[in-house]
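# Observations on the three-dimensional arrangement
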Amino acid sequence: MKNYLCNESTAKSYTSIAYRLVQEERRHEALTAANQSVFLAKNVQCKEYEIFQRQCAQALISLSDTQSNVGLKEEALLSIQEAIEIHRKVIENNSAAAG
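Residues numbered from 1 in each chain as written. Predicted model: local features only at pLDDT ≥ 70, side-chain atom pairs only at ≥ 80, totals over all residues. Heavy atoms only, no water.

### Considerations on the overall build of the chain
When you go through the chain residue by residue, the secondary structure sums to four helices and zero strands. In the chain, the succession of α and β elements from N to C terminus is α-α-α-α. Here the chain holds 99 residues, and 34% of them are scored as buried. Intrachain contacts of the chain at a sequence separation of at least 6 include 58% that bridge at least 24 residues. Surface accessibility of the chain: about 6,300 Å² in total, with carbon and sulfur atoms responsible for 52%. (Helix = DSSP H or I, 4+ residues; strand = E, 2+ residues; numbered from the N terminus. Buried < 20%, exposed > 50% of the residue type's maximum accessible area, 1.4 Å probe, protein only. Contact = heavy atoms within 4.5 Å. Areas by Shrake-Rupley, 256 points an atom, 1.4 Å probe, with all protein chains shown as cover.)

Right, here's the structure in full:
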C-alpha cells in the first residue's frame, strides 16, 4: 500500500507540474512530465482497482491535453480514447457489482 500512495502522489505531482509548464509555454517539458505521470499511474501496485483506474485515466487526460498543446493531435486523441475506455470499464464494473 505504501508504494501505491507514493506513486499516486508522485503521479499527481507530475500532472500538476505539466499543467504549470504548459502555462509557462514550456510545452515539451510539460509533455515529459505528463508522460511520467501516466507511467507512474499505470505502474501503481494497488489493491483498490477502481482507484488505480481513475488515477490512470486522470493522468491520461492530462497527457492528452499536453500532447494537444504541443501539436501532437493524433497522440492526444489516442490518450483521451484510452482514458474514456478506462472510465467505461469502471462504470461497467460498478454496474455489475450493483446489479
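Continuing now.
### Let's talk about helix H2 (residues 27-42)
In a regular helix each residue adds 1.5 Å, so 16 residues correspond to 22 Å; H2 covers 22 Å between its end C-alpha atoms and thus fits that length. All of the buried residues along H2 are Ala30, Leu31, Ala33, Ala34, Ser37, Val38, Leu40 and Ala41. (Expected span 1.5 Å × (residues − 1).)

### Remarks on the confidence of the model for the chain
Any segment with low pLDDT has predicted coordinates that should not be analysed in fine detail. Considering every residue of the chain, the mean pLDDT works out to 82; 83% of them sit at 70 or more. When pLDDT is averaged over each element of the chain, H2 comes out on top at 88 and helix H1 (residues 2-23) at the bottom at 75. Confidence drops under pLDDT 50 across residues 1-5; counting only partners more than four residues distant or on other chains, this segment forms five contacts. (pLDDT = per-residue confidence, 0-100.)

### Here we look at the pattern of salt bridges
Overall, the coordinates contain two salt bridges when judged by the stated rule. Among the salt bridges present, the one from glutamate 29 reaches arginine 26, with a minimum N-O distance of 2.8 Å. Exposure remark for glutamate 29: the relative accessible area of 41% places this residue in the partly exposed category. Where glutamate 85 meets arginine 88, a salt bridge forms, and the shortest distance between an N and an O atom there is 3.9 Å. (Salt bridge = Lys/Arg side-chain N within 4 Å of Asp/Glu carboxyl O.)

### Considerations on the side chain of serine 79
Looking at where serine 79 falls in the secondary structure, it is placed in helix H4 (residues 73-98). Judged by its relative accessible area of 7%, serine 79 falls in the buried class. Not counting residues up to four positions away in its chain, the partners in contact with serine 79 are Leu60, Leu63, Ser64 and Gln67.

### Points about the environment of glutamine 23
On the secondary structure map, glutamine 23 appears in helix H1. A polar contact is formed between the side chain of glutamine 23 and the side chain of tyrosine 19, at a distance of 2.9 Å. (Polar contact = N/O pair within 3.5 Å; in protein donor to acceptor, adjacent residues only side chain to side chain.)

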